[in-house]
Amino acid sequence: MPLHTPRHPNLFTSLNTPAHLSIHITTAKSFTFLFAHFGRQLKKMESESVVVPKWGCEPCIMGIDEAGRGPVLGPMVYGCLYCPVSYEKTMSQLNFADSKTLKEEKREELFENLKEDESIGWAVDVIDPRELSSKMLKKNKINLNEISHNSAIGLVKRALNTGILLTEVYVDTVGDPEKYRIKLSDLFPSIKFVVAKKADSLYPVVSGASIVAKVTRDRALRNWVFDESAENMHRNFGSGYPGDPETKGWLEHHKHTVFGFPTLVRFSWGTCNSYFKDGIEVLWESDATDEDGSSVKTGKKQLKLSSVGFTGMKRRSEDIESSGKGRCKFFQARKLEQLSKF
């Protein structure tokens, strides 16, 4: 994956590969990539040593904000920006503002400026649309608020693990601000947390984090490489928000009656359901089991695969599967057994 290393020791990825990965970018000459597919870590790369910026041992403040929470397309990105408390006044004069109020050209300009500033550090966590959907649709569902909280918590942990002395963290709230603040304070009792609505408009350090997150998401979408290879695919998907006519048109054009949408789409979003009223249901025969894995008297059950997940009985554990009781007919007919040792 190509990296661009500016004069300042921050590292930034050009995001020329599919954005189904979580990325952490820190100050100094270190980086960590967590490649995730359906929430599973595939590959991890780290530098040999982590170099803490010279101001890292001073009391530092951090701002955290997200970009892409609402769209039905693309990743959700959490970004943070941090600097010494002694630099806070100077940073407030850098013209950071809520990224939603800025034009794309201005956001890009401010982002390049903060990358060059040796008194500022930043990081991002890019959450792939497939990871969002898989977490929100699995049996023990993780809702979007919890995913957001975990991402913000991860950014704080990574900064602390890098050696940054965080004393104050400002967060744009997700959910109830006070409950969120208590949750963060319980996890990091040595840090003062300020959690507020519209924090990106109130605190420059959060405004800077907003710019980091928004520019990263914009670049991820702009350079998105589709896994799918259909000839009629195009990139005119608009803003990605469900109400955008261009996004609606793109979804309609790219839906498939069996396979659903390209992996750019968050198929857990309710918006997707309306596109598959005429979709093809896929049925297969399975030996039904109850919750403890024993055979159910009603025998066979039809399981249904839809475009946004599947419904059916709870799958068996490995020990029940290896016992042969109630196993799938495919394995029984071929007298296949599960082996743990060869």
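Note that this is a predicted model, so its numbers are computed, not measured. (Residues numbered from 1 in each chain as written. Predicted model: local features only at pLDDT ≥ 70, side-chain atom pairs only at ≥ 80, totals over all residues. Heavy atoms only, no water.)

Enquirer: Where do I start with unusual backbone geometry in this structure?
Expert: With the exception of glycine, most residues fall at negative phi, and the peptide bonds are largely trans. The residue N95 is not glycine, and still its phi comes out positive at about 65°. Among the structural elements, N95 can be located in the loop between α1 (88-91) and α2 (104-116). Looking at N95, the relative accessible area reads 55%, which means it is exposed. Its identity as a non-glycine residue notwithstanding, K198 has a phi of 55°, on the positive side. By the secondary structure assignment, K198 is in the loop between β10 (192-196) and α6 (199-202). (Helix = DSSP H or I, 4+ residues; strand = E, 2+ residues; numbered from the N terminus. Buried < 20%, exposed > 50% of the residue type's maximum accessible area, 1.4 Å probe, protein only.)

Enquirer: In this structure, what is going on with helix α4 (residues 144-162)? I would like to understand it.
Expert: Because each turn of an α-helix spans 3.6 residues, side chains separated by three or four positions end up pointing in the same direction. Under the 1.5 Å per step criterion, the end-to-end length of α4 is 27 Å for 19 residues, consistent within 8% with the ideal 27 Å. Against β6 (60-67), β7 (76-84), β8 (121-127), α3 (129-137), β9 (166-172) and α5 (177-187) lie the buried residues of α4. Of the residues that open α4, the one with a side-chain oxygen 3.1 Å from the backbone nitrogen of N145 is N143. G163 lies just past α4 and shows a positive phi near 110°. (Expected span 1.5 Å × (residues − 1). Contact = heavy atoms within 4.5 Å. Polar contact = N/O pair within 3.5 Å; in protein donor to acceptor, adjacent residues only side chain to side chain.)

Enquirer: Is there a simple way to think about the layout of surface pockets in this case?
Expert: One way to see where empty space is left: roll a probe the size of a water molecule over the atoms. In this structure, the second largest pocket occupies an estimated 590 Å³ of space. Residue lining of the second largest pocket: 30 residues in total, with E66, A67, G68, K100 and Y241 positioned closest to the centre. Counting residues per element, the ones that place at least two in the lining of the second largest pocket are β6, α2 and α7 (204-222). Residue contributions to the lining of the second largest pocket peak at 6 residues, all from α7. The residue makeup of the lining of the second largest pocket, split by class, is 6 nonpolar, 9 polar and 15 charged. (1 Å grid on protein atoms, 1.4 Å probe; cavity = no way out; pocket = protein on both sides within 12 Å on 5 of 7 lines; lining within 4 Å. Points joined across faces, edges and corners; volume = space filled by probe spheres on them. Nonpolar A, V, L, I, M, F, W, Y, C, P; charged D, E, K, R; others polar.)

Enquirer: So what exactly am I meant to see when it comes to helix α8 (residues 245-254) here?
Expert: Among all positions in α8, only T247, W250, L251 and H254 are buried. The buried side chains of α8 occupy one side of the element, clustering within an arc of 100° when seen end-on. Of the residues flanking the start of α8, the one acting as N-cap is D244, its side-chain oxygen 2.9 Å from the backbone nitrogen of E246. (Arc of directions from axis to C-beta.)

Enquirer: Would you explain the packing of aromatic side chains in this entry?
Expert: Both the distance between ring centres and the angle between the ring planes are used here to describe each pair of aromatic rings. Enumeration according to the criterion identifies 7 aromatic pairs in this entry. When the centroid spacing of 5.3 Å and the interplanar angle of 70° are considered together, the rings of F111 and W122 count as edge-to-face. Here the residue F111 occupies a position in helix α2, and W122 occupies one in strand β8, the gap between them amounting to 11 residues. Both residues of the pair, F111 and W122, count as buried. Taken together through their ring pairs, the aromatic side chains of F226, F237 and W250 make up a single cluster. (Phe/Tyr/Trp six-rings, centres within 6.5 Å; stacked < 30°, edge-to-face > 60°.)

Enquirer: I tried to follow the sheet that holds β7 on my own but got confused; where do I start?
Expert: Pairing between the strands of a sheet comes from backbone hydrogen bonds, and it takes one of two forms, parallel or antiparallel. Spatially, the 5 strands line up as an open sheet ordered β8-β7-β6-β9-β10, and their pairing is mixed. In the strand order of this sheet, the two ends are held by β8 and β10, each with one partner. With strand direction ignored, the average angle separating the axes of adjacent strands in the sheet is 15°. Where β7 lies against β8, 7 bridges are found, and the strand directions are antiparallel. Note that in β8 the partner of Y78 across the bridge is D125. Packed onto the sheet, α7 meets β6, β7, β8 and β9 and runs at close to 40° relative to β6. (Pairing = 2+ DSSP bridges. Axes fitted to C-alpha atoms, helices over the stretch in contact; angles between N-to-C directions.)

Enquirer: What is the right way to look at the pairing of β9 in this model?
Expert: In regular strands, side chains alternate between the two faces of the sheet. Of all 7 residues that make up β9, 6 are buried, and the element is covered over most of its length. Across 5 bridges, β6 lies against β9 in parallel orientation. When the sheet's bridge partners are listed, I61 is paired in β9 with E168. Note that the unit made of β9, α5 and β10 has a crossover that is right-handed. (Right-handed = clockwise from strand over helix to strand, strands pointing away.)

Enquirer: For this particular structure, what's the right way to read the environment of F259?
Expert: Tracing the backbone through its elements, the reader meets F259 in the loop between α8 and β11 (282-289). Given a relative accessible area of 67%, F259 falls into the exposed group. In sequence terms F259 and G279 are 20 residues apart; their C-alpha atoms lie 9.3 Å from each other.

Enquirer: Quick question: what am I supposed to make of the confidence of the model for the chain here?
Expert: Interpretation of the predicted coordinates at a detailed level should be avoided for regions scoring low in pLDDT. When pLDDT is averaged across the chain, the result is 76; 72% of the residues are at 70 or more. For the stretch residues 289-300, pLDDT sits under 50, and the model shows 24 contacts to residues farther than four places along the chain or on other chains. A low-confidence stretch, residues 305-322 (pLDDT under 50), is modelled with 35 contacts involving residues beyond four sequence positions or located in other chains. (pLDDT = per-residue confidence, 0-100.)

Enquirer: Can you help me understand the pairing of β7 in this one?
Expert: Most of β7 sits inside the fold, with 9 of its 9 residues counted as buried. Summarising the sheet, β6 and β7 pair through 8 bridges and their orientation is antiparallel. What sits directly across from I61, in β7, is C83.

Enquirer: Mind showing me how you'd approach the pattern of salt bridges here?
Expert: Oppositely charged side chains may form a pair once their charged atoms are brought near each other. This model, assessed by the stated rule, comprises 14 salt bridges. With a closest N to O distance of 3.1 Å, D218 and R107 form a salt bridge. Here R107 lies in helix α2 and D218 lies in helix α7, a separation of 111 residues in the sequence. With a relative accessible area of 14%, D218 lands in the buried category. For K115, the salt bridge is made with E112, and the minimal N-O distance between the two is 3.3 Å. Placement of the pair is K115 and E112 together in helix α2, with a separation of 3 residues, close to one helical turn. Note on K115: relative accessible area 7%, which makes it buried. For E112, a relative accessible area of 32% gives the class partly exposed. Beyond isolated ion pairs, a larger network of salt bridges with shared partners links E104, E108, E112, K115, R219 and R222. (Salt bridge = Lys/Arg side-chain N within 4 Å of Asp/Glu carboxyl O.)

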